[in-house]
Amino acid sequence: MAMPANTNQRWRFGVYEVDVRNAELRRGGTPVKMREQSFRILVHLLEHAGEIVTREELRRLLWPSDTFVDFDHSLNTAVMKLREALGDSSDAPLYIETIPKRGYRFIAPVSPPVNLPSGAANSDGDSASLPVSETTGAQNSASSIAESSVPNRWLGRSAAVLGLSLLVALGFAAFLLARHTPGSRDENQVSSTLQIVPITTAPGDAIFPAFSPDEREIAFAWDGTERRRYDIYAQLVGSDMPLRLTYSKSGLVGYPAWSPDGREIAFTRCDDGKSDGGVYVVPALGGAERKLTTVGCVDTLPGPLAWLADSNGILMIDHCSADGPFGVVLFSLATGEKQCLTNSVSPGSAESAYRFSLSPDGRTIAFTRRVASVCCNIYVVSLSGRAPRLLTADTRMGCNTLSEFRCGALMWTPDGKSIVFASNRATLPSLWRVSANGGAIERETTYPTIGSFSKTGRRLVYSEKNSAEVAAIWRADLATAGGPVLGNRKLISSQYPESDAQPSSDGARIAWMSIRTGSEELWASSATGESLLQLTRLNRYSGTPRWAPNGKWIAFDSYTESGAQIFVVDSEGRNLRSITSGTYDNAVPSWSRDGKSIYFASKRTGSWQVWRHSLENGAERQLTEHGGFDPFESYDSKAIYFSKFDQAGIWSIPASGGPELPVVADKPQFGYWGYWAISEPGLYFLDLAAEPRPAIEFYRFSTRRTSPVLTLDQRPEREEPSLSATMDGKTLYYTQHDRQNVIKMMEISH
């Protein structure tokens with residue numbers, strides 16, 4: 001079919017660019033796959049943006065009058081595929097609105113079409129130097145090691161979710177641009193031109209940017225061009241060369257915060273093999289680190305920091321009591337004392353605060369807190385010590401579980417009147433805003449994503465993904481267990497994260513978790529990735545699928561109103577039923593080899609321990625006393641192997657009870673509790689510190705020796721059950737992705 005006559009046109013809307021000449025849709029410069037018919041519809045809608053385009057008009061555009069086709073079905077399919085490419089929804093449209101019984105209308109703000117010279121070079125889609133209107137800017141994933149590289153997991157996954165992440169996995173569902181209604185915002189709302197300029201351009205993952213007090217420098221975390229380990233860097237605005245400030249040998253750093261005088265930068269480091277980390281400071285011009293205090297690590301990840309204007313204290317996320325829930329804590333630099341500012345949210349509750357943002361005037365804290373259903377609500381509390389006040393009240397299951405966001409992507413607007421936050425409350429993730437005084441929640445359309453404002457409020461610095469690679473499932477075939485690799489290929493991939501792959505006992509099928517429908521659901525396929533079948537439709541986090549020995553049932557964990565619980569569903573996605581109950585989290589199940597029991601981790605005693613549930617009489621028994629997570633029974637049924645949520649290593653305990661003994665002392669490393677697998681001959685596990693890149697190694701039971709097996713090409717998935725093996729140990733399934741972000745700055749001209 002012929003493309004439109006003017007093939008030199010190019011449109012921009014949000015982070016998307018449509019290049020008619022190359023018949024290409026690009027998101028952030030990365031091509032997005034799309035059917036030709038869907039692309040032609042998009043171009044026609046852009047040509048008539050804001051107008052109703054009738055279904056009959058689209059029929060004439062796509063199919064000649066003498067073409068015989070099921071028009072209604074074909075058009076519906078083409079529009080559906082177009083929405084999938086844009087991450088849009090018919091229920092809550094951000095780009096394409098359905099006009100019942102008439103047609104469609106493109107509703108997002110669109111930059112005027114650019115007519116490229118016929119000999120012009122192809123654009124790479126970079127908007128770095130292009131001015132954008134006040135409503136331009138689609139919501140990109142809020143990057144953070146936790147929010148981005150870690151899909152949501154109860155506790156570790158319940159927030160799992162860019163931000164940290166730590167923010168984000170990327171290429172996940174993008175933050176999308178919502179419709180902007182002129183005059184609907186406060187008169188102080190930004191109402192002029194915005195310009196996006198790049199700060200960093202080097203390869204790697206640059207995240208958590210923060211402005212210096214004089215707005216001349218930006219501090220951020222970056223894993224460097226070699227992609228080995230995150231460290232803190234500082235870079236002058238307009239400069240190409242960052243200054244490295246830390247030289248970490250272990251652990252994970254995050255969220256740099258400038259001192260009010262700009263001389264020091266504080267940051268949190270969560271160390272390998274420890275449940276707690278520390279808050280450190282380093283001179284902004286380089287020098288030795290200095291530890292200020294210990295700090296808890298929520299989900300094993302670093303938390304945000306904020307320096308008070310008087311330089312006397314630092315705000316952080318920490319335990320409000322020994323081994324108790326997390327809250328926003330004020331640390332006195334003079335006395336070393338800590339004061340919990342959010343403990344009165346819900347007396348006696350084990351639910352924790354995850355992230356916070358300090359208001360521009362330094363008087364009020366906005367913070368997020370996860371409820372049992374994994375919904376993430378926003379509170380505000382005054383530094384003067386008044387009781388926290390609830391601003392949002394989500395109760396829908398899984399309302400904030402997409403891995404890009406976790407429980408925490410939020411920021412104040414420069415005027416201090418509103419709080420902008422990320423949520424998938426409308427199924428598709430996007431930015432929202434709520435008044436600091438409470439009230440209606442509205443879509444946010446001004447800012448591109450969650451970031452950090454300069455002191456004057458005229459600049460916003462943020463992290464934007466620079467790679468289309470999202471978490472995908474790979475398959476490696478070995479000659480023997482722990483032996484040479486015969487083949488290694490990407491098996492399951494889409495524009496959304498795919499992870500948690502587990503093979504059936506006979507190795508013929510796999511089950512895994514996908515976010516392709518908007519929430520974490522379970523899928524199954526053949527061992528070669530064919531014959532896909534969706535197993536769950538719970539519209540909430542559901543993950544860690546594990547097959548019964550007979551291949552007829554799959555156990556998994558999923559969030560309910562009372563927290564994470566264990567469920568089973570048959571291999572065709574029917575006969576769903578719950579196995580556990582209670583007001584505490586029960587997660588990461590696996591089956592006994594006789595199929596009569598299910599092992600799982602529970603936090604009912606206050607810490608994660610391994611339990612066993614009898615399917616015959618429902619009796620439950622605690623097996624570990626010193627911590628346990630992600631349990632699997634050995635193939636001879638004599639031992640239970642397990643990792644620990646907040647500690648490196650693999651342990652074992654006799655199935656009949658007995659001492660808990662270390663098997664592999666320091667691998668997989670801290671935060672990678674799910675990157676290990678059991679086979680009949682031995683254990684596979686991740687060595688994050690292997691050279692030149694992280695590698696999968698094999699521990700053979702018969703010799704008790706370890707040998708390298710496979711070097712990973714991309715980044716392994718933190719806090720994910722991302723490695724599994726068939727019984728004979730000859731086939732491995734694992735998850736990896738190419739996580740890359742650059743730092744960009746939005747300049748606001750009033």
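Keep in mind that what you see is a predicted model, and the values were worked out from it rather than measured. Here the residue numbers are simple positions, counted from 1 along each chain's written sequence. Per-residue local features of the predicted model are confined to residues with pLDDT of at least 70, and side-chain atom pairs are confined, for both listing and counting, to 80 or more; whole-chain, interface and lining totals are unaffected and use all residues. Excluded from the side-chain calculation are hydrogens and water; included are all heavy atoms of the structure.

Trainee: Please explain the confidence of the model for the chain as it appears in this structure.
Mentor: Keep in mind that low pLDDT regions are not for reading the predicted coordinates in detail. Each residue carries a pLDDT score, the predictor's own confidence in it, on a scale running from 0 to 100. Scored by pLDDT, the chain comes out at a mean of 82, with 81% of its residues at no less than 70. Across residues 1-5, confidence stays below pLDDT 50; counting only partners more than four residues off in sequence or on other chains, it has 10 contacts. The contact criterion used throughout is that any non-hydrogen atoms of two residues lie within 4.5 Å. In this model, residues 117-192 is a region of pLDDT below 50 whose contacts with residues beyond four sequence positions or in other chains number 378 contacts.

Trainee: Whenever I open this one, the side chain of Gln669 confuses me. Can you help?
Mentor: Put simply, DSSP H or I for four residues or longer makes a helix, DSSP E for two residues or longer makes a strand, and each gets a number counted from the N terminus. With respect to the helices, strands and loops of the structure, Gln669 is situated in the loop between β50 (661-664) and β51 (676-678). Accessible area is worked out with a 1.4 Å probe on protein chains only. A residue is then buried under 20% of its type maximum, exposed over 50%, and partly exposed in between. Judged by its relative accessible area of 9%, Gln669 falls in the buried class. Counting of polar contacts relies on pairs of N or O atoms within 3.5 Å, with two restrictions inside protein: one atom must be capable of donating a hydrogen and the other of accepting it, and residues adjacent in sequence are counted only when both atoms are side-chain atoms. Here the side chain of Gln669 touches Leu688 through a polar contact of 2.9 Å, landing on its backbone nitrogen. Beyond its immediate sequence surroundings of up to four residues, Gln669 is in contact with Ala648, Leu686, Asp687, Leu688 and Ala689.

Trainee: Just checking my understanding: could you explain the packing of aromatic side chains for this structure?
Mentor: Geometry of an aromatic ring pair is reported as the spacing of the ring centres plus the angle between the planes. Here is the rule: rings of Phe, Tyr and Trp (six-membered ring for Trp) pair when centre to centre is within 6.5 Å. Planes less than 30 degrees apart are stacked, more than 60 are edge-to-face, and the remainder are tilted. Per the counting criterion, the structure on display carries 22 aromatic pairs. Ring centres 5.1 Å apart and planes at 75° place the aromatic pair Phe13 and Phe106 in the edge-to-face group. Within this pair, whereas Phe13 is found in strand β1 (residues 9-13), its partner Phe106 is found in strand β7 (residues 103-106), the two being separated by 93 residues in sequence. Taken together, Phe13, Tyr16, Tyr95 and Phe106 form an aromatic cluster joined through their ring pairs. Criterion for a charge above a ring: Arg CZ or Lys NZ at most 6 Å from the ring centre, at most 35 degrees from the ring normal. Geometry around Trp651 places Lys644 over its ring, the cationic atom sitting 4.2 Å from the centre.

Trainee: I keep staring at the sheet that holds strand β17 (residues 276-283) and nothing clicks. Help me out?
Mentor: Across a sheet, strands are paired by hydrogen bonds formed along the backbone, either parallel or antiparallel in direction. Strands were regarded as paired on the criterion that DSSP finds at least two bridges between them. The strand order across the open sheet built from four strands is β15-β16-β17-β18, with neighbouring strands paired in antiparallel fashion. Both outer strands of the open sheet, β15 (252-258) and β18 (290-296), are each paired with one neighbouring strand and no more. Here the strands of the sheet are splayed against their neighbours by 25° on average, with no regard to which way each runs. Across five bridges, the pairing between β15 and strand β16 (residues 264-270) is antiparallel. The residue bridging Val253 from the neighbouring strand is Arg269, located in β16. Between the N-to-C directions of two axes lies an angle of 0 to 180 degrees, each axis being a line fitted to C-alpha atoms and, for a helix, fitted only over the stretch in contact.

Trainee: Help me understand the state of the cysteines, please; the structure alone is not making it clear to me.
Mentor: Linking two cysteines covalently through their sulfur atoms gives a disulfide. Any two cysteine sulfur atoms within 2.5 Å of one another count as a disulfide. Under the definition given, this model contains two disulfides. At a sulfur-sulfur separation of 2.0 Å, the disulfide partner of Cys270 is Cys297. The S-S bond linking Cys270 to Cys297 shows a torsion near -110°; that makes this disulfide left-handed. Highlighted residues: Cys270 in strand β16 and Cys297 in the loop between β18 and β19 (305-307), separated in sequence by 27 residues. When sorted by exposure, Cys270 lands in the same class as Cys297, which is buried. Each sulfur in the disulfide pair Cys320 and Cys340 lies 1.9 Å from the other. In this structure the cystine formed by Cys320 and Cys340 twists about its S-S bond by roughly 45°; its chirality is therefore right-handed.

Trainee: Would you mind going over the pattern of salt bridges with me for this structure?
Mentor: A side chain with one charge may pair with a side chain of the opposite charge, provided their charged atoms come close. Just to be clear on terms, a salt bridge is a Lys or Arg side-chain nitrogen sitting within 4 Å of an Asp or Glu carboxyl oxygen. Enumeration according to the criterion identifies 27 salt bridges in this entry. Its salt-bridge partner being Arg739, residue Asp205 comes within 2.4 Å of it at the nearest N-O pair. Here the residue Asp205 occupies a position in the loop between β10 (194-198) and β11 (206-211), and Arg739 occupies one in the loop between β57 (731-737) and β58 (741-748), the gap between them amounting to 534 residues. When sorted by exposure, Asp205 lands in the same class as Arg739, which is buried. For Arg546, the salt bridge goes to Asp630, with nearest N and O atoms at 3.2 Å. Note that Arg546 is positioned in strand β39 (residues 542-547) and Asp630 in strand β47 (residues 629-633), a separation of 84 residues in sequence. In the salt-bridge network here, residues are joined through shared partners; they are Arg10, Arg12, Glu17, Asp19, Glu24 and Arg26.

Trainee: Whenever I open this one, the sheet that holds strand β49 (residues 647-654) confuses me. Can you help?
Mentor: Sheet architecture is open: four strands sit in the order β47-β48-β49-β50, paired in antiparallel fashion. For this open sheet the edge positions go to β47 and β50, each flanked by a neighbour on one side alone. Ignoring which end each strand starts from, the neighbouring axes of this sheet average 30° apart. By the bridge criterion, six bridges tie strand β48 (residues 639-644) to β49 in an arrangement that is antiparallel. Within β49, the position partnered with Tyr641 by the bridge is Ser652.

Trainee: Explain the pairing of β58 here, please?
Mentor: Sheet faces and side chains relate simply in a regular strand, where the side chains alternate between the two faces. Within β58, seven of the eight residues are buried, leaving the element largely enclosed by the surrounding structure. Note: β10 against β58, five bridges, orientation antiparallel. Within the sheet, the bridge partner assigned to Gln195 lies in β58 and is Glu747. Here strand β32 (residues 459-465) runs beside β58; their pairing, made up of seven bridges, is antiparallel. Across the sheet, residue Ser463 finds its bridge partner in β58, namely Ile743.

Trainee: Any chance you could explain the side chain of Asn377 here in plain terms?
Mentor: With respect to the secondary-structure elements, Asn377 resides in strand β25 (residues 376-382). A distance of 3.4 Å separates the side chain of Asn377 from the side chain of Thr392, its partner in a polar contact.

Trainee: Any chance you could explain helix α2 (residues 55-62) here in plain terms?
Mentor: Where α2 is concerned, the buried positions are Arg55, Leu58 and Leu62. Mapping the buried residues of α2 onto a view down its axis gives an arc of 60°, with all of them on the same face. Think of the arc as the fan of directions from the helix axis to the C-beta atoms.

Trainee: Teacher, can you tell me more about the packing of helix α1 (residues 36-47) against helix α3 (residues 71-86) here?
Mentor: If you want to describe how two helices pack, look at the angle between their axes and the distance between the axes. Relative orientation of the contacting elements α1 and α3 amounts to 75°, with a least axis distance of 8 Å. By the criterion of interaxial angle, the relationship of α1 to α3 is roughly perpendicular. Across from Gln37, Ser38, Ile41, Leu42 and Leu45 in α1, the residues of α3 making contact are Leu75, Ala78, Val79, Lys81, Leu82 and Leu86. Each residue receives one of three labels: charged for Asp, Glu, Lys and Arg, nonpolar for Ala, Val, Leu, Ile, Met, Phe, Trp, Tyr, Cys and Pro, and polar for the others, Gly being one of them. Considering only residue class, the contact of α1 with α3 consists of eight nonpolar, two polar and one charged. The scheme is simple: roughly parallel for angles under 35 degrees, roughly antiparallel for over 145, roughly perpendicular for 65 to 115, oblique for anything else.

Trainee: Got a minute to help me understand the packing of α1 against α2 in this structure?
Mentor: Across the interface, α1 lies against α2 with an axial gap of 11 Å and an inter-helix angle of 125°. With respect to α2, the element α1 is oriented oblique. For the pair α1 and α2, the sense of crossing is right-handed. Residues Gln37, Arg40, Ile41 and His44 of α1 touch α2, and the partners they reach there are Glu57, Leu58, Leu61 and Leu62. The class makeup of the residues in the contact of α1 with α2 is four nonpolar, two polar and two charged. Crossings are classed by handedness, with left-handed meaning an anticlockwise turn of the near helix from the far one by less than a right angle and right-handed meaning a clockwise turn.

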